[in-house]
Amino acid sequence: MFGADCAAEVKFIQACGSEWMQRAPKRLFEPACGTGRLLYALVKKGFRVDGLDLNPKAVEFCNARFRRHGVRESAFVADMSDFKTKWKCDLAFNTINSFRHLCSEREARGHLQCMGEVVRPGGLYLLGVHLTPTTVAPSETESWSARRGHLAISTHMWTNERNTESRIERFGIRFDIHSPSHSFRITDELVLRSYTPKQMNRLIQSSKCWEVVATYDFGYDVEHPIEVDASTEDVVYVLRRKPE
């Protein structure tokens, strides 16, 4: 379901490295890497990659794919708001809103500070976030479909609750899965922290690690940056690690 944008995301990550870094990135890192769809696509491009995820099953899936293709097993289990590495990377990315699973300000700031330790000075962190606009009504539903061979999946998301005081939003999500021999449905709920554009800017500044050098929408067109205002929803922040 999340593979449809993979090629565009990989192209965007490479383009940001060329556009906003003084030297080409070689080592990449993805917090909340899940099953490693982007890591695997990037390792095939010749990058050295690492990733973390809180879910051991997702990490094992990622590393099993690496093993099958003779690639270094580089995903590990960790909390993206509290982790350390013995190495530094040139560029990190988190493109599909996983950052918002951190449901407190302390966890969110801890994540940005941890990322500040793992990304070298002058390196980048590409952080994709779905913001809550304040001058227009926020989007309440989203639907999309994907197909691979005889497998077809339709996804629908809808808002269950928005709490502006706690800044916790709850979204229902439903997957309808169809193959020639079987059909079934998976229903779940996502619990995410909300950010207005001002709240996001304040959080980035409070981390003291990062400067915003560009912002893009989810069209991933590096030649067309956007200006974030009170009506903006989908944003990729290009954060540059400040000198130590």
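The structure displayed is predicted, hence computed values, not measured ones. (Residues numbered from 1 in each chain as written. Predicted model: local features only at pLDDT ≥ 70, side-chain atom pairs only at ≥ 80, totals over all residues. Heavy atoms only, no water.)

Notes on the pairing of strand β7 (residues 151–163)
Worth spelling out the cut-off: Here a strand pair is declared whenever DSSP counts at least two bridges between the two strands. A run of H or I in DSSP counts as a helix once it spans at least four residues, and a run of E counts as a strand once it spans at least two, with each numbered from the N terminus.
Examined bridge by bridge, strand β6 (residues 141–148) and β7 share 8 bridges and lie antiparallel to one another. By the bridge assignment for β7, arginine 147 is matched with alanine 152. Counting the residues in the hairpin turn of β6 and β7 gives 2 residues, including glycine 149, whose phi is positive at 60°. As paired strands, β7 and strand β8 (residues 168–178) are joined by 11 bridges and run antiparallel to one another. From the neighbouring strand, methionine 157 faces β8, where its bridge partner is isoleucine 173. Linking β7 back to β8 in an antiparallel pair, the connection comprises 4 residues, with arginine 167 at a positive phi of about 60°.

Brief notes about the UniProt feature "domain: Methyltransferase" (unreviewed entry) in the chain
Test applied: UniProt positions are given in the numbering used here, feature names are shortened, and annotations may be inferred rather than shown by experiment.
Taken from the UniProt record, the annotation "domain: Methyltransferase" (unreviewed entry) applies to residues 32–123. The straight-line gap between the two end C-alpha atoms of residues 32–123 is 19 Å; of that span, 37% is helix and 22% is strand.

Observations regarding unusual backbone geometry
Phi is positive for alanine 32, close to 55°, though the residue is something other than glycine. Along the chain, the position of alanine 32 falls in the loop between β1 (27–31) and α2 (37–43).

Topic: the pattern of salt bridges
So the rule is basically this: Should a side-chain nitrogen of Lys or Arg be within 4 Å of a carboxyl oxygen of Asp or Glu, the pair is scored as a salt bridge. Only protein chains enter the calculation, and the probe is 1.4 Å; a residue is then buried if its accessible area is under 20% of its type maximum, exposed if over 50%, and partly exposed in between.
Here the structure, examined in full by the defined rule, presents 19 salt bridges. Across the pair glutamate 73 and arginine 67 runs a salt bridge, and its minimum N-O distance is 3.2 Å. Glutamate 169 is the partner of arginine 162 in a salt bridge, and the nearest nitrogen-oxygen pair spans 2.8 Å. The class for arginine 162 is partly exposed, based on a relative accessible area of 28%. The class for glutamate 169 is buried, based on a relative accessible area of 3%. Each of Arg100, Glu140, Arg162 and Glu169 takes part in salt bridges that share partners, so that together they form one network.

With respect to the sheet that holds strand β3 (residues 75–77)
This is how the line gets drawn: In this analysis an axis means a line fitted to C-alpha atoms, helices contributing only their contacting stretch, and an angle means the value between N-to-C directions, from 0 to 180 degrees. The criterion used for residue contact is that any of the two residues' heavy atoms lie within 4.5 Å.
What the 7 strands build is an open sheet, ordered β3-β2-β1-β4-β5-β11-β10; its pairing is mixed. Looking at which strands have only one partner, the edges of the open sheet turn out to be β3 and β10 (210–216). Between one strand axis and the next, the sheet turns by 20° as a mean value, whatever way the strands run. Sheet topology note: the β10/strand β11 (residues 234–241) ladder contains 6 bridges and is antiparallel. Note on β11: the bridge partner recorded for tryptophan 210 is arginine 241. The strands touched by helix α1 (residues 6–20) within the sheet are β1, β4 (89–94), β5 (119–130), β10 and β11, with β5 carrying the most contacts at an inclination of about 135°. Strand contacts of helix α3 (residues 56–68): β2 (48–53) and β3, with the helix running at about 160° to β3, the strand carrying the most contacts.

Notes on α3
Put simply, the test is: A helix is expected to span 1.5 Å multiplied by its residue count minus one. Throughout this description, a polar contact denotes any pair of N or O atoms lying within 3.5 Å of each other; where both atoms belong to protein, one of them has to be capable of donating a hydrogen while the other can accept it, and for residues adjacent in sequence the pair is counted only when both atoms sit in side chains.
Under the 1.5 Å per step criterion, the end-to-end length of α3 is 18 Å for 13 residues, consistent within 8% with the ideal 18 Å. Buried-residue contacts for α3 involve α2, β2 and β3. The backbone nitrogen of lysine 57 has a side-chain oxygen 2.8 Å away, supplied by the residue at the start of α3, namely asparagine 55. Taken from the residues just after α3, glycine 70 is the one with a positive phi, measuring 70°.

Structural notes on the packing of aromatic side chains
Counted only if it meets this: By convention, a stacked pair of Phe, Tyr or Trp rings (six-membered ring in the case of Trp) has centres within 6.5 Å and planes under 30 degrees apart, an edge-to-face pair has planes over 60 apart, and any other such pair is tilted. Think of it as a cone above the ring: NZ of Lys or CZ of Arg counts as a charge over the ring if it is within 6 Å of the ring centre and within 35 degrees of the ring normal.
Enumeration according to the criterion identifies 8 aromatic pairs in this entry. For the pair phenylalanine 12 and tyrosine 220, a centre-to-centre distance of 5.3 Å together with 50° between the ring planes defines the contact as tilted. Of this pair, phenylalanine 12 sits in helix α1 while tyrosine 220 sits in the loop between β10 and β11, placing them 208 residues apart in sequence. By relative accessible area, tyrosine 220 is classed as buried at 11%. Measuring from centroid to centroid gives 6.2 Å for phenylalanine 218 and tyrosine 220, while their planes differ by 10°, and the two rings are stacked. An aromatic cluster of at least three residues, connected via ring pairs, comprises Phe12, Tyr216, Phe218 and Tyr220. Across from the ring centre of tryptophan 87, 4.4 Å away, lies the NZ or CZ of arginine 27, which sits over that ring.

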